[in-house]
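Descriptive structure summary
Here are the chains, one letter per residue:
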Amino acid sequence: MGKQYEIPVGAQHISLLEPLHFRFTTENEKIVKTDANVFYVHRGIEQACCSKFKFRQVSFVVGRVCGLCSISHTTAYSQVAEKLLKIEIPRRAKYLRMLVIELDRIHSHLLCLSHVAENSGFEALFMKTMQYREFSMELLEAVCGNRIQYDFSIVGGVTRDLKPEVADMILKRLDHFMPQLEELIGIYKNNWTLSLKNKGVGRISKEDAMRLNVVGPFARAAGLAVDVRNETEDLLPWKEVGYEMITDTAGDVHARNMVRLREIEVSIRIIRNVIAGLPESDLVTETKAFPEGEATVRLEAPRGELFYYAKGNKTQVLERLKIKAPTFSNVAGMVHAFTNNEYASAPAIIASYDPCLSCTAR
Amino acid sequence: MNTFFSAIGNLFKEPVTTKYPFEPTYKPDDYRGLIGFEESLCIWCRRCELACPPGAIVFSQDMEGKQTYHYNRAVCIYCGECVRACPKEGALFQTAEPAPCALKEENINNGWNQLFDEALDSREKFAAEKKRKAAEKAAADKAAAAAKKAAEEQAGTNNETSAG
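Residues numbered from 1 in each chain as written. Chains lettered and ligands numbered in written order. Predicted model: local features only at pLDDT ≥ 70, side-chain atom pairs only at ≥ 80, totals over all residues.

Some remarks on the overall build of chain A
Along the backbone of chain A there are 14 helices and eight strands. For a compact globule of 362 residues, the expected C-alpha radius of gyration is about 21 Å, and chain A comes in at 20 Å, within 12% of that figure. C-alpha atoms of chain A, sized along the principal axes, occupy 70 × 45 × 30 Å. Within chain A, contacts between residues at least 6 apart in sequence are counted, and of these 72% link residues at least 24 apart. (Helix = DSSP H or I, 4+ residues; strand = E, 2+ residues; numbered from the N terminus. Rg over C-alpha atoms; globule rule 2.2 N^0.38 Å. Contact = placed C-beta atoms within 7 Å.)

Things to note about the overall build of chain B
Along the backbone of chain B there are four helices and four strands. Along chain B, helices and strands appear, N-terminal first, in the series α-β-α-β-β-α-β-α. For chain B, the spread of C-alpha atoms along the three principal axes comes to 130 × 35 × 25 Å. For chain B, with 164 residues in total, the buried portion stands at 11%. Counting contacts in chain B only where the partners sit at least 6 residues apart, residues at least 24 apart contribute 71% of the total. (Buried ≥ 20, exposed ≤ 12 C-beta atoms within 10 Å, placed from the backbone.)

Some details on the nonpolar core
All names here are of chain A. Counting 115 residues, the largest nonpolar core has Val58, Val100, Tyr308 and Ile349 as the members making the most contacts within it. Ranked by the residues each element gives to this core, the list is headed by helix α4 (residues 91-119), at 14 residues. Residue contacts for Val100: discarding those within four places in its chain leaves Ile71, Val143, Cys144, Tyr150 and Phe152. (Core = buried A, V, L, I, M, F, W, Y, C linked by C-beta atoms within 7 Å.)

Concerning the packing of α4 of chain A against helix α13 (residues 346-353) of chain A
Residue and element names in this part refer to chain A. Interhelical geometry of α4 versus α13 gives an angle of 175° and a closest axis separation of 8 Å. Viewed along their axes, α4 and α13 adopt a mutual orientation that is roughly antiparallel. Contact with α4, carried on its side by Cys112, His115, Val116 and Asn119, involves Pro347, Ala348, Ala351 and Ser352 of α13 and no other residues of that element. Class assignment for the residues of the contact of α4 with α13 results in five nonpolar, three polar and no charged. (Axes fitted to C-alpha atoms, helices over the stretch in contact; angles between N-to-C directions. Parallel < 35°, antiparallel > 145°, perpendicular 65-115°, else oblique. Nonpolar A, V, L, I, M, F, W, Y, C, P; charged D, E, K, R; others polar.)

Some thoughts on the sheet that holds strand β8 (residues 320-324) of chain A
All names here are of chain A. In spatial order, the strands read β6-β7-β8; together these three strands make up an open sheet with antiparallel pairing. Both outer strands of the open sheet, β6 (292-301) and β8, are each paired with one neighbouring strand and no more. For this sheet, the mean inter-axis angle between neighbouring strands, taken without regard to orientation, is 10°. Two strands pair when backbone bridges link them, and strand β7 (residues 304-313) and β8 are joined in this way by five bridges, in the antiparallel orientation. The residue of β8 that forms the bridge with Tyr309 is Lys322. The sheet strands contacting helix α3 (residues 70-85) are β6 and β7, and the helix crosses β6 at an angle near 150°. (Pairing = 2+ DSSP bridges.)

Some remarks on the environment of Thr17 of chain B
Relative to the helices and strands, Thr17 of chain B resides in the loop between α1 (2-10) and β1 (35-37). As for Thr17 of chain B and Thr157 of chain B, which are separated by 140 residues in sequence, their C-alpha atoms are 100 Å apart.

Description of the sheet that holds strand β3 (residues 30-37) of chain A
All names here are of chain A. One open sheet accounts for three strands, arranged β1-β2-β3; its pairing is antiparallel. The sheet is open, and its two borders are formed by β1 (4-9) and β3, each paired with just one other strand. Neighbour-to-neighbour, the strand axes of this sheet turn through a mean angle of 20°, independent of strand direction. Bridge count between strand β2 (residues 21-27) and β3: seven bridges; the pairing is antiparallel. Residue pairing across strands places His21 opposite Asn37, the latter belonging to β3.

What about α3 of chain A?
Residues and elements named next belong to chain A. Helix length check: α3 (16 residues) gives 22 Å between terminal C-alpha atoms against 22 Å at 1.5 Å per residue, within 8%. With 16 of 16 residues buried, α3 lies mostly within the body of the structure. Where α3 ends, the next residue or the one after it, Lys86, has phi of about 55°, a positive value. (Expected span 1.5 Å × (residues − 1).)

Considerations on the environment of Ala346 of chain A
All names here are of chain A. Mapped onto the secondary structure, Ala346 falls in helix α13. The exposure class of Ala346 is buried, given the 23 C-beta atoms found within 10 Å. As for Ala346 and Lys197, which are separated by 149 residues in sequence, their C-alpha atoms are 9.8 Å apart. For Ala346, the residues in contact, after removing those within four places along its chain, are Val9, Phe24, Ile31 and Phe338.

A look at the packing of α4 of chain A against helix α5 (residues 123-144) of chain A
Angle between the axes and distance between the axes are the two parameters that describe a pair of packed helices. Residue and element names in this part refer to chain A. For the pair α4 and α5, interaxial distance at closest approach is 8 Å and the crossing angle is 165°. The angle between α4 and α5 places the two elements in the roughly antiparallel class. For the pair α4 and α5, the sense of crossing is left-handed. Split by residue class, the contact of α4 with α5 holds 16 nonpolar, four polar and four charged. (Left-handed = near helix turned anticlockwise from the far one by under 90°.)

Quick look at the interface of chain A and chain B
Listed as interface residues are 12 residues of chain A and, on the opposing side, 10 residues of chain B. Listing elements by their share of the side of chain A that touches chain B, those giving two or more residues are α2 (58-62) and α5 of chain A. Ranked by residues supplied to the side of chain A that touches chain B, first place goes to α5 of chain A with four residues. Considered class by class, the residues forming the side of chain A that touches chain B number four nonpolar, five polar and three charged.

Right, dumping it as structure tokens:
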């Protein structure tokens, strides 16, 4: 056994997007042990949702939990509030929610991929991926009226309708994006420089992934078939619009990249099917009821399973709201997957987890 | 090798970014911008104030009962919840115009907090004044009624005495 060194990374570090602290214990260059601290951005959102804001306003507050998966949070909260109010939302609203969630997934996955490329030392690919990602931001702006923080779902439905010209624009831009996606898949799959930093790095086995309760693309890359879209049908009809499970077996950074890229293909198919089969109905179910009882909701955010619990007591203000973000479930797996890797690979591994600390710490 | 040639080719390409100050960037027609207010249509129900998540709308009230609409674009999150809450079509509407930057002179944070408190105070004062006036009126009415009754009773006793 050689001499051990402790290397802290974060809370502010050049390779980190958000405040996250790792303390690596290394032996020569090998990481033997990792500690993580993920609660640097606690903002007390849960408490604010249960005291300051009325239950209809909370969907806008939880949209500010995270910039990237804003729509997942708003939709999950809207669904849990609808369960408390015991209302069924119109079918068109369900389809529009799925459309925006999938558009959001495309932009979130491309952002993660670009950061993996950047942290692996491939700056040019980072710029290329970000360039191709721009179309999804513009589509989200056209659909929701804002590039981030869409405020699209409200309790009982959605705020805006999909205009026919915007639907045409989405289909046209997606057709334009398909060859670009193929080009990206080619680069991420075959590039030799990238493979040195990605193949066989940050590996987690299927058994460990299951034991440590890993979710999202991180788990699917290890061969664990977990996806809320595959498990629930009651709130959003995913299978109707052509959802397909994407898994890989390697469990390393490269496998995570490939899972994300192929999930973008699935998202594009879902968006096309949603636009082709958009049902005609109202957008919002109006109700004057107050939330009562307890309810839980699970939703597949870009990073994995998002969990919401709410308790109402027949007043305007909720009694309790609990958010469990996908990154929180992944922390144990993240810490585990560093073991026996080179310290120099750590930035690429961190980026490949796609950690979202604002969600985790709330 | 392919990558190498495409990299050389990229040197002669136009930049993909927009030349922003000289060219406009992409903006949809129904961009979520500033909230507009049409005073002549407003029915002063204050539902927008109740619905607004960040509290960017507040109504103040003077002693005659006339209400004034205040809106802070720096607090507003442009969600359009006020427009959906508005029962009167056209009184509140969302424009596609992005909010201009706030200047130091505007004192947009502290000034707004002060204004917000003052607006709530002014409403409380008006309500207290209204209550006081109502109580005064009730007292006056009661006094008038009592005086009338007393006068009637007086008249009755006078009649009685005159009759007696």
